[in-house]
Amino acid sequence: MIVSTRGRYALRVMIDLAQNKDQGRVPLKEIAERQDISQKYIEGIMTLLSKNHFVDGVHGKGGGYKLNRKVEEYKVGDILRLTEGNLAPVACLVPGAPECPRKNGCKTIKLWSKLDDLVETYLDSVSLADLL
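Calculation notes
Residues numbered from 1 in each chain as written. Predicted model: local features only at pLDDT ≥ 70, side-chain atom pairs only at ≥ 80, totals over all residues. Heavy atoms only, no water. Helix = DSSP H or I, 4+ residues; strand = E, 2+ residues; numbered from the N terminus. Buried < 20%, exposed > 50% of the residue type's maximum accessible area, 1.4 Å probe, protein only. Contact = heavy atoms within 4.5 Å. Areas by Shrake-Rupley, 256 points an atom, 1.4 Å probe, with all protein chains shown as cover. Lys, Arg positive; Asp, Glu negative; His and termini not counted. Charge placed at Lys NZ, Arg CZ, Asp CG, Glu CD. Core = buried A, V, L, I, M, F, W, Y, C linked by side-chain atoms within 4.5 Å. Phe/Tyr/Trp six-rings, centres within 6.5 Å; stacked < 30°, edge-to-face > 60°.

Colleague: What am I meant to see in the overall build of the protein here?
Modeller: Along the protein, the regular secondary structure elements total 6 helices and 2 strands. Starting at the N terminus and ending at the C terminus, the protein contains elements arranged as α-α-α-β-β-α-α-α. For the protein, the spread of C-alpha atoms along the three principal axes comes to 60 × 25 × 25 Å. Looking at the protein as a whole, 32% of its 132 residues qualify as buried. Pairs at least 24 residues apart make up 62% of the contacts formed inside the protein by residues separated by at least 6 positions. Per element, the accessible surface of the protein, about 8,200 Å² overall, is 52% carbon and sulfur. The average position of the 20 basic charges and that of the 17 acidic charges among the side chains of the protein differ by 3 Å.

Spelled out as structure tokens, the structure:
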């Protein structure tokens, strides 16, 4: 599993919002400047986060983004699954993937399944609050 730039940036943006939660709505421009990420790139991430109810956003003057739940309630696994699609270490473990024709005789499926469980369990145990 390699976490893409999109996933890494989404975590940075969410941490930035958590660090600035007392400010109320945080303008996208401020996040982009602090995180040294293109504002255009962050717009795509924020659209995804907003549509999936991770943040609340208001456009226009006085607008910006803010977290809509407690910092402790945001799990890294949820953020990465949203931005990455899945966290499976091999293609045959991706949800909805066609069954591998070698599944019954596969000597490594237990290894990959255990790794998948470890990664998912670990990332679901880490909150934004832990990263702060």
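Colleague: Sorry, what's going on with the nonpolar core here?
Modeller: If you look at soluble globular proteins, the nonpolar side chains tend to sit buried side by side. Counting residues in hydrophobic clusters, the biggest one holds 30 residues, and the most contacted among them are M14, L17, M46 and V55. Secondary-structure elements contributing two or more residues to this core are helix 1 (5–19), helix 2 (28–35), helix 3 (39–51), strand 2 (64–67) and helix 4 (76–84). A total of 6 residues in this core trace back to one element, the largest contributor, which is helix 1. M46 has contacts with V13, L17, L28, V55 and Y65, leaving out every residue within four places of it along the chain.

Colleague: Help me out: how do you make sense of the side chain of N20 in this one?
Modeller: Relative to the assigned elements, N20 resides in the loop between helix 1 and helix 2. The contacts of N20, once residues within four sequence positions are left out, are V26 and R34.

Colleague: Help me out: how do you make sense of the packing of aromatic side chains in this one?
Modeller: The geometry of an aromatic ring pair is captured by two quantities: the separation of the ring centres and the angle between the planes. Going through the model one piece at a time under the given rule, you end up with 2 aromatic pairs. Between the aromatic rings of Y9 and Y41, the centroid separation amounts to 5.4 Å while the plane-to-plane angle is 75°, which identifies the pairing as edge-to-face. Of this pair, Y9 sits in helix 1 while Y41 sits in helix 3, and the two are 32 residues apart along the sequence. Using a relative accessible area of 37% as the deciding quantity, one classes Y41 as partly exposed. Between F54 and Y74 the ring centres are 6.4 Å apart and the planes differ by 40°, which places this aromatic pair in the tilted class.

Colleague: Explanation requested: unusual backbone geometry in the structure shown.
Modeller: Negative phi values dominate among residues other than glycine, just as trans dominates among peptide bonds. One non-glycine residue, D36, adopts positive backbone phi at about 55°. With respect to the helices and strands, the residue D36 is situated in the loop between helix 2 and helix 3. Looking at D36, the relative accessible area reads 70%, which means it is exposed. Notably, H53 is not glycine yet its phi reads approximately 60°, a positive angle. Position of H53 relative to the elements: it lies in the loop between helix 3 and strand 1 (55–58).

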